[in-house]
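One-letter residues, chain by chain:
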Amino acid sequence: MPELTRTELSILRLLRDGEGFHSSAEITGKLELTRAAISKAVARLRERGYGIGSRASVGYRLDQVPDRLYPELVQEGLATRFVGQEVVHFNTTGSTNSEASKLADAGAPEGVLVVAESQTAGRGRLGRSWSSPPNLNFYGSFILRPSLPPVAAAQVTLLTGLCVARTIESVTGYRPRIKWPNDVLAGDLKVCGILTESSSELDRVNWLVIGIGVNLNVEKFPDELKSIATSLRITTGKPVDRAAFARELCTQLEAHYLRFVTEGFAPFRDDWERFARMAGEVVRVGTGTETIEGRSLGLDSDGFLQVETPDGRLVRIVAGDVTLLRGQNRR
Ligand code: BTN
């Protein structure tokens, strides 16, 4: 959907001041617009889902804001320097990661957020798909351009998991759990997945696209996901304001990322551990090339998972698929 014009945006801002009806005379005076321009803009806003009441000789009043991830809603009161200062919105697209990668290749600046109300080919890790029903969840991809070596991509992904966990806690009051490297869980069920894609030179990242899917308000899952996924709505019993969620995520991401690029992952390790509680768990980790079983010693200061195998070896793993082997030696 095309973005709002300046006129539409300024009328929306005026109507959102919570002051009830605004007469055409007041709007024309304040915004220096003709009545025809006002009624054209109001028609466009209504098409976009804004409930705008009008009464002859009284004026216009905003009665309802649509439940959409529109830039003007995500950016309302957003105080970041760059993350989310440009939001590219799709009603539907194949994958926000693909859209963001195209923009990054074309030179889009750091901080651009691509969001969609639904995805027809949402991608997960390891070639899996990501269920993306319309108007219920968060599907978004952030473009970042850290001047760091390619290995930093894994650390930014870990950091993003922490940002999502913090966002969930701040928006809903519910404290989720992080599962290394990049799942966020409610109880034992997945509410968020993160897929980082990148373009790099040998020694430097060109761009990262951090794709984040969070199950916010969906209440029904396809059969194959019922036993492994949940949503915040199901978990807390309350609907989540999706635009407010996206805004808080932008805020968290920028604050964490700015510190990360100067100080690395180490300052975040303890906070991450508090959400993950992985230390002491008996785990099986598939890395693609091998399967490692042993006792997790948690993350080291670079974000590697440290696993102590039964024969006493200490293995550092940068990324993989973890299964918690419950009930064995849990400390
Ligand atoms: C996972 O397998 O856990 C990662 C899932 C990542 C899904 C998100 S939804 C927004 C972005 N666009 C995609 O196609 N994938 C990511």
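Parameters and conventions
Residues numbered from 1 in each chain as written. Predicted model: local features only at pLDDT ≥ 70, side-chain atom pairs only at ≥ 80, totals over all residues. Heavy atoms only, no water. Helix = DSSP H or I, 4+ residues; strand = E, 2+ residues; numbered from the N terminus. Rg over C-alpha atoms; globule rule 2.2 N^0.38 Å. Buried < 20%, exposed > 50% of the residue type's maximum accessible area, 1.4 Å probe, protein only. Contact = heavy atoms within 4.5 Å. Areas by Shrake-Rupley, 256 points an atom, 1.4 Å probe, with all protein chains shown as cover. Lys, Arg positive; Asp, Glu negative; His and termini not counted. Charge placed at Lys NZ, Arg CZ, Asp CG, Glu CD. 1 Å grid on protein atoms, 1.4 Å probe; cavity = no way out; pocket = protein on both sides within 12 Å on 5 of 7 lines; lining within 4 Å. Points joined across faces, edges and corners; volume = space filled by probe spheres on them. Nonpolar A, V, L, I, M, F, W, Y, C, P; charged D, E, K, R; others polar. Core = buried A, V, L, I, M, F, W, Y, C linked by side-chain atoms within 4.5 Å. Pairing = 2+ DSSP bridges. Axes fitted to C-alpha atoms, helices over the stretch in contact; angles between N-to-C directions. Expected span 1.5 Å × (residues − 1). Near = heavy atom within 4 Å. Polar contact = N/O pair within 3.5 Å; in protein donor to acceptor, adjacent residues only side chain to side chain.

A.B. asks: Looking at this structure, how should I read the overall build of the chain?
C.D. replies: Scanning the chain for helices and strands turns up nine helices and 14 strands. Relative to a compact globule of 331 residues, whose C-alpha radius of gyration would be 20 Å, the chain shows 22 Å and is just as compact. Projecting the C-alpha coordinates of the chain onto the three principal axes gives extents of approximately 85 × 45 × 30 Å. The 331 residues of the chain split such that 50% are buried. When contacts within the chain are restricted to residue pairs at least 6 apart in sequence, those whose partners lie at least 24 apart make up 62%. A total accessible area of about 15,300 Å² is found for the chain, and carbon and sulfur atoms account for 49% of it. Side-chain charges in the chain split into 41 positive and 40 negative, and the spacing between the mean points of these groups amounts to 4 Å.

A.B. asks: How should I be thinking about the layout of surface pockets in this particular structure?
C.D. replies: In this approach, a probe sized like a water molecule rolls over the atoms, and the result shows the empty space that is left. Size it by volume and the largest pocket reaches roughly 850 Å³. As for the largest pocket, its lining consists of 42 residues, of which Arg128, Trp130, Asp183, Lys190 and Ile228 are closest to the centre. Among the residues making up the lining of the largest pocket, the classes are represented as 15 nonpolar, 17 polar and 10 charged. Taken as a whole, the second largest pocket spans an internal volume of roughly 290 Å³. Lining the second largest pocket are 14 residues; nearest its centre among them are Leu9, Arg13, Pro71, Glu72 and Gln75. Residues that form the lining of the second largest pocket fall into these classes: six nonpolar, two polar and six charged.

A.B. asks: Which parts of the structure should I look at to understand the nonpolar core?
C.D. replies: The tendency in soluble globular proteins is for nonpolar side chains to be buried side by side. By size, the foremost hydrophobic cluster in this structure holds 77 residues, and its most contacted members are Phe138, Trp180, Ile212 and Trp272. For this core, the element with the most residues is helix α6 (residues 152-172), which contributes 10 residues. Within the second largest apolar cluster, eight residues are counted, among which are Ala100, Val114, Ile143 and Val209.

A.B. asks: Please explain the sheet that holds strand β8 (residues 189-200) as it appears in this structure.
C.D. replies: Each strand in a sheet pairs with its neighbour through backbone hydrogen bonds, running either in the same direction (parallel) or in the opposite one (antiparallel). With mixed pairing, the seven strands of this open sheet are ordered in space as β3-β4-β5-β9-β8-β7-β6. Strand pairing shows two members of the sheet lacking a second neighbour, β3 (87-93) and β6 (177-179), which therefore form its edges. When the angles between neighbouring strand axes are averaged without regard to direction, this sheet yields 20°. As judged from the four bridges shared by strand β4 (residues 113-119) and strand β5 (residues 138-144), these two strands associate in the antiparallel manner. Pairing of Ala116 across the sheet is with Tyr139, part of β5.

A.B. asks: Honestly, the sheet that holds strand β14 (residues 321-324) in this entry has me stumped. Any pointers?
C.D. replies: Taken in spatial order, the five strands of this open sheet run β13-β12-β11-β10-β14, and their pairing is antiparallel. Sheet topology places β13 (314-317) and β14 at the edges, where each strand pairs with a single neighbour. Along the sheet, successive strands turn relative to each other by an average axial angle of 45°, direction set aside. By the bridge criterion, five bridges tie strand β10 (residues 282-286) to strand β11 (residues 291-299) in an arrangement that is antiparallel. Of the residues in β11, the one forming a bridge with Val283 is Gly294.

A.B. asks: Just to check I follow, could you spell out α6 for this structure?
C.D. replies: Along an α-helix, residues three or four positions apart point the same way, because every turn accommodates 3.6 residues. With 21 residues, α6 extends 30 Å between its outermost C-alpha atoms, agreeing within 8% with the 30 Å of an ideal straight helix rising 1.5 Å per residue. Residue Gly173 follows α6 closely and has a positive phi angle near 85°.

A.B. asks: Please explain empty space enclosed by the protein as it appears in this structure.
C.D. replies: Evaluation of the coordinates by the stated rule reveals one cavity of 30 Å³ or more. Taken together, Arg177, Ile178, Lys179, Leu185, Ala276, Met278 and Leu324 make up the full set of residues lining the largest cavity. Looking at the lining of the largest cavity element by element, the count peaks at three residues for β6. A class-by-class count of the residues in the lining of the largest cavity yields five nonpolar, no polar and two charged.

A.B. asks: What should I look at first to understand the site of the ligand in this one?
C.D. replies: Neighbouring the ligand are 20 residues, the closest being Ser95, Gln119, Arg123, Arg125 and Lys190. One nitrogen or oxygen atom from the side chain of Thr96 is found 3.1 Å from a nitrogen atom belonging to the ligand. Lys190 places a side-chain nitrogen or oxygen 2.6 Å from an oxygen atom of the ligand. Its free accessible area being 410 Å², the ligand has 99% of it covered by the protein chains. Broken down by secondary-structure element, the contributors of at least two residues to the shell around the ligand are α5 (96-105), β5, β8 and β9 (205-214). Considering every element that reaches the shell around the ligand, the biggest residue donor is β8, with four residues.

A.B. asks: Explanation requested: the pairing of β13 in the structure shown.
C.D. replies: Regular strands place their side chains on alternate faces of the sheet. Every second residue of β13 is oriented toward a common face, the buried set being Val315 and Ile317 and the non-buried set Leu314 and Arg316. Bridge count for strand β12 (residues 305-308) against β13 is four bridges, and the pairing is antiparallel. By the bridge assignment, Gln306 is partnered in β13 with Arg316. The turn joining β12 and β13, which pair antiparallel and follow one another in sequence, is formed by five residues; a positive phi near 90° is taken by Gly312.

Keep in mind these values describe shape, not function.
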